[in-house]
Amino acid sequence: MSRSEFVLPEPVQRLRVRSADGSWLNAETFGPSGAPIVVLVHGWTCNTAFWAPVVHRLAAEHQVIAYDQRGHGRSDIPVGRAGYSTRALAEDLQAVVTRLVPEGRRAVLAGHSMGGMTVMAAGGRRAVAARTAAVLLCSTGASDLTDHLRVLPPFVRPPALRRALHRHVLQSALPMGPVSALSKALLKQGTMGPGATAAQVAACAEIVHACPAGVRSGAARMLGDLDVRPGLTMLEAPTAIMVGSRDKLTPPPHAHAMYAALRRPDGLQELPGVGHMAPIERPDEVAAELRRLVRTHLTSERTEVA
């Protein structure tokens with residue numbers, strides 16, 4: 001993969017979308033208007049640039065919408081802890097979808113990590129369901145995240161100690177500082193598969209280090225108590241799931257539990273050797289699955305380029 005693959009193309013449109021609590025969200029669109037719509041929702045400590053390799057693979061034949069989750073990228077930073085909640089994330093998604101997916105059209109929604117949790121949190125929201133043709137939940141979980149984390153080495157065995165240490169590490173508000181060889185090595189060890197390339201690791205590090213420490217900590221506290229299983233069971237659209245076999249943040253047991261709870265399961269893929277950052281580690285497979293969902297569930301949509 002060339003370095004340019006990790007840089008988003010110039011968007012066709014960049015706009016501000018206002019959420020229910022008044023927060024302004026940065027949203028960007030790529031590809032031809034009138035083409036099948038794919039909405040990409042990034043994860044914790046990331047931003048729209050995280051999706052660059054996938055956008056490059058889809059934008060020629062799809063209208064791709066990506067937005068910065070609250071506090072991330074160019075979107076507003078929440079004021080106080082109350083601004084970090086799964087309800088707020090669901091309201092943000094609803095604001096973006098209702099603004100950018102025209103009435104009468106539908107989209108494929110793809111959420112990675114916290115983005116998948118956002119999609120699940122929005123389960124049961126009629127305004128979102130009416131504009132959703134299919135869903136891809138990638139490298140994510142619905143509850144009990146700290147119970148299943150595999151970031152700490154296996155010799156730290158007492159479950160209560162592992163949970164406490166994981167919470168402490170993830171909720172730290174200390175600045176990460178500049179990207180360095182050490183920080184890249186730690187990021188790869190905790191979030192990526194052993195086969196991740198130096199360019200992939202560097203791209204992830206630049207994105208993660210750009211997230212403000214307070215946002216990283218505030219969102220982590222929310223994720224520590226996460227339970228979006230009710231929304232998961234209310235997803236009405238066909239839903240596919242992808243997970244890396246070496247994902248330490250949301251390991252495969254999450255994927256299998258979510259798949260068993262779906263109303264309309266539409267495939268579960270476990271990517272061998274892949275860590276948590278599947279859209280960067282394996283963009284070909286992620287883009288191919290999104291194309292399949294578009295082809296299968298958006299065939300009746302208007303696809304001519306306006």
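That block above? That's the structure.
About the criteria used
Each chain has its residues counted from 1, running along the sequence as written. Reporting of local features is limited, given that this is a predicted model, to residues whose pLDDT is at least 70; pairs of side-chain atoms are given and counted only at 80 or more, and all residues count toward the totals for whole chains, interfaces and linings. Water and hydrogen atoms play no part in the side-chain values, which are based on all heavy atoms of the structure. A helix here means a DSSP run of H or I that spans at least four residues, while a strand means a run of E at least two residues long, and both kinds are numbered starting from the N terminus. A pair of strands is labelled paired if DSSP reports no fewer than 2 bridges between them. Assignment of crossover handedness uses the view with strands pointing away from the viewer, where a clockwise path from the first strand over the helix to the second indicates a right-handed crossover. Relative accessibility decides the category of a residue: with a 1.4 Å probe and only protein chains considered, values under 20% of the type maximum give buried, values over 50% give exposed, and everything between is partly exposed. We call two N or O atoms a polar contact when they sit within 3.5 Å, provided that within protein one can donate a hydrogen and the other can accept it, with sequence-adjacent residues counted only if both atoms are side-chain atoms. Here, a salt bridge means any Lys or Arg side-chain nitrogen found within 4 Å of an Asp or Glu carboxyl oxygen. The rule for a disulfide is simple: a pair of cysteine sulfur atoms within 2.5 Å. Any Phe, Tyr or Trp ring, taking Trp's six-membered ring, that has another such ring centre within 6.5 Å forms a pair; planes under 30 degrees apart are called stacked, those over 60 apart edge-to-face, and the others tilted. In these notes, a set of buried Ala, Val, Leu, Ile, Met, Phe, Trp, Tyr and Cys residues joined through side-chain atoms within 4.5 Å is what counts as a nonpolar core. To obtain each axis, a line is fitted to C-alpha atoms, and for helices this fit is confined to the stretch in contact; angles are then taken between N-to-C directions over 0 to 180 degrees. Here, two residues are considered to be in contact whenever any of their heavy atoms come within 4.5 Å of each other. To estimate the expected span of a helix, subtract one from its residue number and multiply by 1.5 Å. Throughout, the term roughly parallel applies to angles under 35 degrees, roughly antiparallel to angles over 145, roughly perpendicular to angles from 65 to 115, and oblique to all others. Side-chain classes follow a simple rule in which Ala, Val, Leu, Ile, Met, Phe, Trp, Tyr, Cys and Pro form the nonpolar group, Asp, Glu, Lys and Arg form the charged group, and the remainder, Gly included, forms the polar group.

Draft legend 1. Seen up close, the environment of I77. Mapped onto the secondary structure, I77 falls in the loop between strand 4 (63–67) and helix 2 (86–100). A C-alpha to C-alpha distance of 9.2 Å links I77 and G214, two positions 137 residues apart in sequence.

Draft legend 2. Main features of the pairing of strand 8 (residues 265–271). Looking at chain direction, strand 7 (residues 239–244) and strand 8 are connected through 5 bridges and run parallel. Looking at the pairing, G244 lines up with L271 of strand 8. For the crossover from strand 7 across helix 11 (residues 252–261) to strand 8, the handedness is right-handed.

Draft legend 3. Representation of the pairing of strand 7. In terms of burial, strand 7 is largely enclosed, as 6 of its 6 residues are buried. On strand 7, burial covers both faces: T239, I241 and V243 on one face and A240, M242 and G244 on the other are all buried. Sheet topology note: the strand 6 (residues 132–138)/strand 7 ladder contains 4 bridges and is parallel. Its bridge partner lying in strand 7, L136 is registered against A240.

Draft legend 4. Structural context of the environment of D284. With respect to the helices and strands, D284 occurs in helix 13 (residues 283–297). The class of D284 is partly exposed, set by a relative accessible area of 48%. The spacing of D284 and L58 is 226 residues in sequence and 10.0 Å in space, taken between C-alpha atoms. At 2.5 Å, the side chain of D284 forms a polar contact with the side chain of R57.

Draft legend 5. Seen up close, the pattern of salt bridges. Per the stated rule, a full pass over the model turns up 13 salt bridges. Among the ionic pairs, E5 bridges to R57, the shortest N-O distance being 2.6 Å. Taken together, the positions of E5 in the segment before strand 1 (13–18) and R57 in helix 1 (residues 52–58) put the pair 52 residues apart, joining distant regions of the chain. A relative accessible area of 17% places E5 in the buried class.

Draft legend 6. The arrangement of the state of the cysteines in detail. The final tally for this structure, using the stated rule, is 0 disulfides. Not engaged in a disulfide, the cysteine C211 finds its nearest cysteine sulfur in C46; these two sulfurs lie 8.2 Å apart.

Draft legend 7. The packing of aromatic side chains, seen in detail. Inspection of the entire model under this criterion finds 1 aromatic pair. Ring centres of F50 and W51 lie 5.9 Å apart, and the angle between their planes is 85°; on these two criteria the pair is classed as edge-to-face. The class of F50 is buried, set by a relative accessible area of 1%.

Draft legend 8. Up close: the nonpolar core. Grouped together as the largest cluster of nonpolar side chains are 48 residues, with contacts concentrated most on V39, L93, L109, M120, L137, L223 and L232. Ranked by the residues each element gives to this core, the list is headed by helix 2, at 7 residues. The next biggest cluster of nonpolar side chains, apart from the first, holds 43 residues, and it includes F50, A134, A205 and V286.

Draft legend 9. How the structure looks around the sheet that holds strand 6. Read across the open sheet, the 8 strands follow the order 1-2-4-3-5-6-7-8; overall the sheet is mixed. This sheet does not close on itself; its edge strands, each paired only once, are strand 1 and strand 8. The sheet shows a mean angle of 20° between the axes of neighbouring strands, taken without regard to direction. Sheet topology note: the strand 1/strand 2 (residues 24–30) ladder contains 6 bridges and is antiparallel. Each bridged residue has a counterpart across the sheet, and for R16 the counterpart in strand 2 is N26. Helix 3 (residues 114–121) rests against strand 3 (37–41), strand 4, strand 5 (107–112) and strand 6 of the sheet, and its axis sits at about 130° to strand 5. Against the sheet, helix 11 touches strand 7 and strand 8, its axis set at about 170° to strand 8.

Draft legend 10. Region of interest: helix 9 (residues 213–224). Taking 1.5 Å per residue, 12 residues should reach 16 Å; helix 9 reaches 16 Å between its end C-alpha atoms and fits that length. Across the 12 residues of helix 9, 10 count as buried, placing the element largely inside the fold. Buried within helix 9 we find A213, V215, R216, S217, G218, A219, A220, M222, L223 and G224.

Draft legend 11. Broad picture of the packing of helix 2 against helix 3. Across the interface, helix 2 lies against helix 3 with an axial gap of 8 Å and an inter-helix angle of 85°. What the angle tells us is that helix 2 and helix 3 run roughly perpendicular. Contact residues: helix 2 offers T86, L89, A90 and L93, while helix 3 offers M114, T118, V119 and A121. Taken together, the residues that form the contact of helix 2 with helix 3 break down as 6 nonpolar, 2 polar and no charged.

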